[in-house]
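Listed here are the chains, written in short residue letters.
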Amino acid sequence: MIAQLPGYQVGFDDNGEGLPVVFLHGFPHDRTLWTAQRMSLSPHVRCVVPDLRGFGHSSTHGPFSMDQYADDVVALLDWLRIEAAVVCGLSMGGYVAMAMWRRHPERIRAFIFSDTKAGPDDEETRARRDEAIALVKRDGSRAIADAQLQGMLGKESRARRPDVVNTIRVMMARQSAAGITGALQALRDRPDSRETLGTITVPTLVVVGEDDVLTPIKEARAIAEALPAAARVRMEIIAGAGHLPCVERPAATTHALSDFLATLADSV
């Protein structure tokens, strides 16, 4: 489906009824990253899965920032007449979720942070973002797909799941160069969200792949430990998965999400 919003469009899926759950993909992905969870969970909750600006079927023009992505998601919630939702963000989607809390906390029912972190880029990482921007401008989206693939998936997936490897490579390669470079700038310049974590007052689940090398278990634990008691934090480590457990171990990831969402059902 396409939402025609003022000045831009958002591609999204919307399936199921009940508790609204918004799934935010990482970089450089699109909403199909969450297909397994959308299909499995939609009999129980309402799954809203957008393409972030620049990706999938959403508009490819800027401005690009975590704040802008957050405002885009809230604009889609307005368009769908959803007052508040559980927000599930993976990697860059987690950064967007944290920006939503700073800007629109009343729209958040609960959080699921998957394979993400709260701190900003250090100088070395910022320099690598600039190098990646130059790479995409020179060689296109496929170049970033090739460069990202090794770290994106766990060793078990790379060795034994050629279907998953191909799915993620194709997903990354089909994204627009404009969306990728815009997102790289937004990632490079994103704010430090560590203080934001201490203000979160809604239930929160932290999920991480056991073999994630991009945002490893220590980053997930840092998020969990920074959350206040009001967040009633839960943490799940997905065995045999890297940075994308929702694709690498979809059943285990969906089970973790389903158990958490069931704890929210009585207060919908």
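Relevant structure appears above.
In this text the structure is predicted, and so the values were computed from the model without any measurement.

Draft legend 1. Main features of the packing of aromatic side chains. In total, this model carries 6 aromatic pairs according to the counting rule given. Ring geometry for Phe12 and Trp79: centres 5.8 Å apart, planes at 80°, overall edge-to-face. In this pair, Phe12 is assigned in strand E2 (residues 8–15) and Trp79 in helix H2 (residues 66–79), connecting sequence segments 67 residues apart. Owing to a relative accessible area of 41%, Trp79 belongs among the partly exposed residues under this scheme. Among the aromatic residues, those joined into a ring-pair cluster are Trp101, Phe111 and Phe113. The lysine or arginine in question, Arg190, covers the ring of Tyr95, its NZ or CZ lying 4.0 Å from the ring centre.

Draft legend 2. Region of the structure containing the nonpolar core. Counting 55 residues, the largest nonpolar core has Met66, Tyr69, Met92, Phe111 and Ile200 as its most contacted members. A per-element tally of this core places helix H3 (residues 92–103) first, with 8 residues. Filtering out sequence-adjacent residues up to four positions away, Phe111 remains in contact with Val87, Ala97, Trp101, Ile200, Val202, Pro203, Thr204, Leu205 and Phe260. Core analysis: the next-biggest nonpolar cluster, separate from the first, contains 36 residues, Leu19, Val21, Leu244 and Phe260 among them.

Definitions and limits used
Residues numbered from 1 in each chain as written. Predicted model: local features only at pLDDT ≥ 70, side-chain atom pairs only at ≥ 80, totals over all residues. Heavy atoms only, no water. Phe/Tyr/Trp six-rings, centres within 6.5 Å; stacked < 30°, edge-to-face > 60°. Helix = DSSP H or I, 4+ residues; strand = E, 2+ residues; numbered from the N terminus. Buried < 20%, exposed > 50% of the residue type's maximum accessible area, 1.4 Å probe, protein only. Lys NZ or Arg CZ within 6 Å of the ring centre and 35° of its normal. Core = buried A, V, L, I, M, F, W, Y, C linked by side-chain atoms within 4.5 Å. Contact = heavy atoms within 4.5 Å.

The values are spatial; any link to function lies outside them.
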